[in-house]
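Tertiary structure, described
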Amino acid sequence: MLSGRTRRYKMKYVSGFLSIIIALFFSSTGAEDVVVYGQVGGTVTLPILKWGSERVSVQWYFEMNTQSIISRNYQGRETKAPQWEDRLSLSKTDFSLIINNIRLEDFNSFRCELKDFRPPPITSVTIFRLTHVSVQPVSPLLAGNNLNLKCDIKDIVEGTQRRWLNPQKQDLNEDKRVQIGDDSSLTVMKVTGQDHGEWTCVVTYKGREAYANTLVTVIDLSPAHPQPIYTSVSPLSLLHLPCFFSIPLPLSWSDSQEKGIQGGRWTFTPSPAAGSLTGVVQTLVNLSLGPPLAWVVNQKRRLDVSALQTNNRKLSLSKKGVTVGDRGKYTCVVEFQRDDTLKREMRVEVLQLLTSPVSVAFVGQEVNLTCTLGQPLTSDLEVKWIPPHHSSLLPLGSSPHPTLLTIPEATYGDGGWWRCELWRNKTKLTSVEITLKIERVPMDVWLLVTICAAAVIFVLLLILTVILIRRHRQIQFAGDDAQTWQTQILQLQRPQTRRILQKLVISYRSESLSMDNVSTILS
């Protein structure tokens, strides 16, 4: 039989134990489920805000395991499970868990336990459910094809919203090419090189955002030149025609036929300013499917096709030595299966400097200099002349200068290098130079001119002398004939005289009166 002292001790012990159990029951918070979305290979944060006093420890568990994957005591010491060593970390400002390089097996539940050791002790438990978000990758697209993307969520929760960002991280509300389905699937019509890059599906739930990314490859040629390519007539000028894929192709020319490339070519259409074959399309270079696959130069225009012979997918052409015949439109074409074609066009303008007279001008002679593209300049273009330092036309005044310069009387100071520059606003596009030769009229030329002048004078004097002699003889013959006629007429009878005079008058009026006519009438 127990003594009263013993019974009082047991009652005190039981009541104390019950009070501790009751305190623990009421001080623990209930578990809370939080949905967080993530993507394989991405990074996700399971958020736990600052809580409790300074004596709080945190432990994170995966699924229903009793062994923590990462923990930190209230003194700041951290421990990690070996299999999670490289992929887990705790936030420095709160108790959030950061998971890097998410794996497919990570999409499950995570449990966070917080213990505050300030009396009375308090425990907080939060359960997170990591849900898989994915965007299926797409095959490389050609510019002009349609892009279709779908943002898949496993076990989607009500209240979850999805939207899309393009590679420039912009919303698609203003893009008229975009169509978004009821399931948030995305369709972009006629993609361009600007659509190449990382597209993002943004998943929003209760103010938290998750991102699922996918890389979209758009195969396109380099952007077309908004303005013509300007060069000048010179054996040293270099004409470069750029054409290349904006991204490296996932193939080489050797296996391009199997992967979809079916052909390619460069064509040239001369402009009216080229001077010949205007409007006739010429094939410069053609991709022969072989075998073996090779580029064939069809036109011998001194083209450098070395870039086409390598496997870096550059399609650029170049040419050293530019003439006016190079003016026109150049087209780079690559053909794929299903009649898909990539094409880039560029226009080449060639600046030319013409002189009149062409080769050599003499002192005192008028000289014309013309700077031209073969057609009138557009309003945004202007020329600037750089004459020799001692030219008689200096100063020319501020630009723009006229395309035609006239030297009224050339001097030795006008000889030398003349340069014409073509400008757009404050950008020099190209320039052309010539050497103008000014020489004194040579002595043999003056001698030739003197001889020719003397010969002309001699011929004129000779002609004048002949004319005077002939006139003198006509007057003398006319006097002798008149005396003879008078004698014959007096010897005739009156009626016969009257008839003869009438015939003479008629002959005179018809301008057929001559010595032979008079003799015939008198006889």
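Residues numbered from 1 in each chain as written. Predicted model: local features only at pLDDT ≥ 70, side-chain atom pairs only at ≥ 80, totals over all residues. Heavy atoms only, no water.

Some details on the overall build of the protein
On a plain count of helices and strands, the protein comes out with five helices and 33 strands. Excluding contacts between residues fewer than 6 apart, the proportion of contacts in the protein whose partners are at least 24 apart in sequence is 58%. (Helix = DSSP H or I, 4+ residues; strand = E, 2+ residues; numbered from the N terminus. Contact = heavy atoms within 4.5 Å.)

Focus on the state of the cysteines
Applying the stated rule across the entire model yields three disulfides. The disulfide that involves Cys-151 links it to Cys-201, with 2.0 Å between the sulfurs. Torsion about the S-S bond of the Cys-151 and Cys-201 cystine: about -90°, corresponding to left-handed handedness. Linking Cys-151 in strand E12 (residues 151-153) with Cys-201 in strand E16 (residues 197-205), this pair joins segments that are 50 residues apart in sequence. (Disulfide = S-S within 2.5 Å.)

A word on the sheet that holds strand E2 (residues 44-46)
Read across the open sheet, the three strands follow the order E2-E7-E6; overall the sheet is antiparallel. This sheet does not close on itself; its edge strands, each paired only once, are E2 and strand E6 (88-90). Averaged over neighbouring strand pairs, the angle between their axes works out to 25° when direction is ignored. One ladder, built from three bridges, connects E2 with strand E7 (residues 97-99); its direction is antiparallel. Bridge assignment links Thr-45 to a residue of E7, and that residue is Ile-98. (Pairing = 2+ DSSP bridges. Axes fitted to C-alpha atoms, helices over the stretch in contact; angles between N-to-C directions.)

Quick notes on the pattern of salt bridges
Inspection of every chain in the model, using the stated rule, returns 17 salt bridges. A salt bridge links Asp-195 to Arg-177, with the nearest nitrogen and oxygen atoms 2.9 Å apart. Here Arg-177 lies in the loop between strand E13 (161-165) and strand E14 (178-180) and Asp-195 lies in the loop between strand E15 (186-188) and E16, a separation of 18 residues in the sequence. Accessibility expressed as a relative area gives 5% for Asp-195, which makes it buried. The exposure class of Arg-177 is partly exposed, given its relative accessible area of 24%. Arg-347 is the salt-bridge partner of Glu-349, the closest N and O atoms lying 2.3 Å from each other. Beyond isolated ion pairs, a larger network of salt bridges with shared partners links Arg-419, Glu-421, Lys-428 and Glu-433. (Salt bridge = Lys/Arg side-chain N within 4 Å of Asp/Glu carboxyl O. Buried < 20%, exposed > 50% of the residue type's maximum accessible area, 1.4 Å probe, protein only.)

Examining the environment of Val-125
Within the secondary structure, Val-125 sits in strand E9 (residues 122-135). Overall, the relative accessible area of 18% leaves Val-125 in the buried class. Taking the C-alpha atoms as reference, Val-125 lies 9.8 Å from Trp-60; in sequence the two are 65 residues apart.

Brief notes about the environment of Pro-47
Summarising the element assignment, Pro-47 is placed in the loop between E2 and strand E3 (56-62). Classification of Pro-47 by relative accessible area gives partly exposed; the value is 30%. Taking the C-alpha atoms as reference points, Pro-47 and Arg-208, 161 residues apart in sequence, are found 9.7 Å from one another. The residues contacting Pro-47, other than those within four sequence positions of it, are Val-36, Ser-96, Phe-128 and Arg-208.

Section: the pairing of strand E27 (residues 341-356)
In the sheet, strand E19 (residues 229-232) pairs with E27 via four bridges, with the strands oriented parallel. From the neighbouring strand, Thr-231 faces E27, where its bridge partner is Val-350. In the sheet, strand E26 (residues 328-336) pairs with E27 via eight bridges, with the strands oriented antiparallel. For Val-334, the partnering residue across the bridge sits in E27 and is Leu-342.

Overview of the confidence of the model for the protein
Chain-level statistics for the protein give a pLDDT mean of 81 and a share of 78% at 70 or above. In this model residues 1-31 is a low-confidence stretch, pLDDT under 50, and it forms 13 contacts with partners more than four residues away in sequence or in other chains. (pLDDT = per-residue confidence, 0-100.)

Focus on the packing of aromatic side chains
For the structure on display, the rule yields seven aromatic pairs. For the pair Tyr-37 and Tyr-205, a centre-to-centre distance of 6.3 Å together with 85° between the ring planes defines the contact as edge-to-face. Pair noted here: Tyr-37 is in strand E1 (residues 32-38) and Tyr-205 is in strand E16, with a separation of 168 residues, a long-range link. Both residues of the pair, Tyr-37 and Tyr-205, count as buried. Taken together, the ring pairs in this structure connect Phe-62, Trp-84 and Phe-110 into an aromatic cluster. The ring of Tyr-74 has Arg-55 lying over it, and the distance from NZ or CZ to the ring centre is 4.6 Å. (Phe/Tyr/Trp six-rings, centres within 6.5 Å; stacked < 30°, edge-to-face > 60°. Lys NZ or Arg CZ within 6 Å of the ring centre and 35° of its normal.)

Focus: the nonpolar core
Counting 29 residues, the largest nonpolar core has Leu-221, Leu-241, Phe-245, Trp-266, Val-285, Leu-315 and Tyr-330 as its most contacted members. Only strand E20 (234-241), strand E21 (261-270), strand E22 (282-288), strand E25 (317-322), E26 and E27 provide two or more residues apiece to this core. One finds Val-34, Val-36, Leu-46 and Ile-70 within the second-largest nonpolar core, a separate group that totals 25 residues. (Core = buried A, V, L, I, M, F, W, Y, C linked by side-chain atoms within 4.5 Å.)

Re the sheet that holds strand E33 (residues 427-439)
An order of E28-E33-E32-E30 is seen for the four strands of this open sheet, with the pairing classed as mixed. Both outer strands of the open sheet, strand E28 (360-362) and strand E30 (381-386), are each paired with one neighbouring strand and no more. Sheet twist, expressed as the mean angle between neighbouring strand axes with direction ignored, is 35°.

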